[in-house]
Amino acid sequence: MIELLATMFFTFFKIGAFSIGGGYAMIPLIQHETLAHGWLTAREVTDLVAISQITPGPFAVNAATFAGTKAVGVLGGIACTLGVIAPSILLTLLVSRFFFNFQKNKTVQAVLSGMCPAVVGLILSAAAVIAGQAVFSLDSKQTVLDLFAAKASVSLPAILIFIVAFIVIRKCKVHPILVVFAAAGVGVLLFAFGLG
Amino acid sequence: MNADKGKQQKRKASGKELLDLFACTFKIGAVTFGGGYVIIPMLQREFSEKRQYISNEDILDIVAISQSLPGVISINACIMVGYRAGGVLAALVTALGVVLPSFLILSVLTYFYAAVANNPYVTAAFMGISAAVVALMLDAVLRLGKSAVKNIAAWVLMLAAFICAYFLGINGIYLIIAAGVLGFLLSFTPFGYKPEKGEEHD
C-alpha cells in the first residue's frame, strides 16, 4: 500500500514537473500515465476531463484527486494531489527566492520556444485519442490507422455533437460549463433514447 | 527593483494574516472554474486592490513567471502572491487554500461518479460529453497554437510531437524534454528563438 502511494506521488510529481502551459497541457501526460499504470480506464480519463470542466479549481488537482481516489481511495487522492502540486511549490519558491528575472532569461525562453509547440502537439494527440473513442469506438491504444484494418463503426451522433460544440465554442464564446451540460443532455437524448 | 523585492520578502505574516490568506485563497479556489489565467483577476482584486499585499506590477510579474514555470499555473501564481505577502509559510498556506476546495469536491464526486458511472443514462450523457470534450480540446489547441506555433521550426516540433505521441505512443514527458533541448539548440540557428526588444514580457 505504502509502495503504491509512493508510486502515485512520484508519478504525479513527474506530471506536475513536466507540465508547461497548465490545464490542457496536463491532459496528455495524465492520460498516458494513468492508463499505463492501469489507475484509470480510457473512458474514465475522458469523463475526468469533462468533470474538471464543471467543477472549480485547477484541472491538475481535480485530475490527481480523481485518479488517486478512484484507484485507491482517499489516501490515493491525497498522494496524487500532493505529488502534482509539489513541483509547483518547490520551483515557484525557488524562483521567488533567487531568480526574479527567470522568465526573461534567454536560455529559458529558447527552451520554452521548443517545449510550447510540442505541448500543442501533445494536446492534439490526447484529443485524437478521445475522438477515436467517441466517434470510432477505438480503444486508447488504437489510432486512426486501425480504422483501415478493422471494420470501422462511425458514431454519427458523436460527430454531430462535436461539430455543433466546436462551432458554438469558437464562434459564440460560450462557457465550457454550458457546453458540457448541453452535450450531456443531447447525449442522453441521442444515445439513451435513440432519437438520433 | 527586483533585488529590492527580494529584501521585502523577509517580513513574516502574522497568524491573523495567514488565516486571512488561507480564507481568501480557499474562496478563490472554490469559485474559479478552469484554473490557469482565470485566477489572475481574482488575485489582483483580493491581494492587490483590497489588501495591498502586492502591487499591480507584481501581478504582471507573477503572470509572466507562473506561465514560464512547469506545474499548475494557478497554484504557481498563488504561491508567489503568498510568498511576496509573507514569506515561505504564507506561500504554503495560500497553496493549501487554493487546492483544498478542488480536493474536497473531487473526493466526494469521485465516489458519486463510481456509483452512477454504469447507469445507462449517465453513460449516454458522458458519451455526449466526450464528443464535446474533443471540441474543447481542439479549441485549446488552436488558442495555444496561435501563440506558440509561429514559425516553421515550431510547426515541425508540434507535428513531430503529435506523431510521436499519437502513432508511436511515446510518453509526452520525454517529448517535452526533447523539444526543450531542440528549442535551445535551434536558438543558435536562424530557425530558433531570437530575443527581440519588447518581447521579453511575452
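Up top is the structure these notes are about.
Nothing here was measured: the structure is a model prediction, and the numbers come from that model. (Residues numbered from 1 in each chain as written. Chains lettered and ligands numbered in written order. Predicted model: local features only at pLDDT ≥ 70, side-chain atom pairs only at ≥ 80, totals over all residues. Heavy atoms only, no water.)

**Student:** For this particular structure, what's the right way to read the overall build of chain B?
**Tutor:** Summing up its helical and strand segments, chain B has eight helices and zero strands in all. When the helices and strands of chain B are read in sequence order from the N terminus, they spell out α-α-α-α-α-α-α-α. Looking at chain B residue by residue over its 202 residues, the buried ones come to 51%. Put simply, of all contacts in chain B between residues at least 6 apart along the chain, 51% involve residues at least 24 apart. As displayed, chain B offers around 9700 Å² of accessible surface, 69% of which is attributable to carbon and sulfur atoms. (Helix = DSSP H or I, 4+ residues; strand = E, 2+ residues; numbered from the N terminus. Buried < 20%, exposed > 50% of the residue type's maximum accessible area, 1.4 Å probe, protein only. Contact = heavy atoms within 4.5 Å. Areas by Shrake-Rupley, 256 points an atom, 1.4 Å probe, with all protein chains shown as cover.)

**Student:** What am I meant to see in the side chain of Ser 52 of chain A here?
**Tutor:** Residue and element names in this part refer to chain A. Within the secondary structure, Ser 52 sits in helix α3 (residues 42–54). Overall, the relative accessible area of 5% leaves Ser 52 in the buried class. With residues near it in sequence (within four places) discarded, Ser 52 still touches Phe 59, Asn 62 and Ala 63.

**Student:** Would you mind going over the packing of aromatic side chains with me for this structure?
**Tutor:** What describes a pair of aromatic rings is the distance from one ring centre to the other and the angle between the planes of the rings. Counted by the stated rule, this structure contains twelve aromatic pairs over all chains. With 5.3 Å between their ring centres and 65 degrees between their planes, Phe 66 of chain A and Tyr 113 of chain B make a pair best called edge-to-face. Here the residue Phe 66 of chain A occupies a position in helix α4 (residues 59–71), and Tyr 113 of chain B occupies one in helix α5 (residues 73–116), the pair thus bridging two chains. The pair formed by Phe 66 of chain A and Tyr 113 of chain B is uniform in burial state, with each residue classed as buried. Ring centres 5.2 Å apart and planes at 85 degrees place the aromatic pair Phe 184 of chain B and Phe 188 of chain B in the edge-to-face group. The exposed category is assigned to Phe 188 of chain B, whose relative accessible area is 62%. Each member of the aromatic cluster is reached from another via a ring pair, and the members are Phe 9, Phe 10 and Phe 13 of chain A. (Phe/Tyr/Trp six-rings, centres within 6.5 Å; stacked < 30°, edge-to-face > 60°.)

**Student:** Explanation requested: the pattern of salt bridges in the structure shown.
**Tutor:** If charged atoms from side chains of opposite charge come close, those side chains can pair. Residue and element names in this part refer to chain B. Tallying each qualifying case throughout the model produces nine salt bridges over all chains. Notably, a salt bridge pairs Glu 46 with Lys 27, separated by 3.4 Å at the nearest N-O pair. Of the two residues, Glu 46 sits in helix α3 (residues 39–50) while Lys 27 sits in helix α2 (residues 15–31), which places them 19 residues apart along the sequence. Take Glu 46: its relative accessible area is 5%, and that puts it in the buried class. In this structure, Glu 46 engages Lys 50 in a salt bridge whose closest nitrogen and oxygen atoms are separated by 3.3 Å. (Salt bridge = Lys/Arg side-chain N within 4 Å of Asp/Glu carboxyl O.)

Taken by themselves, the reported measurements are silent on function.
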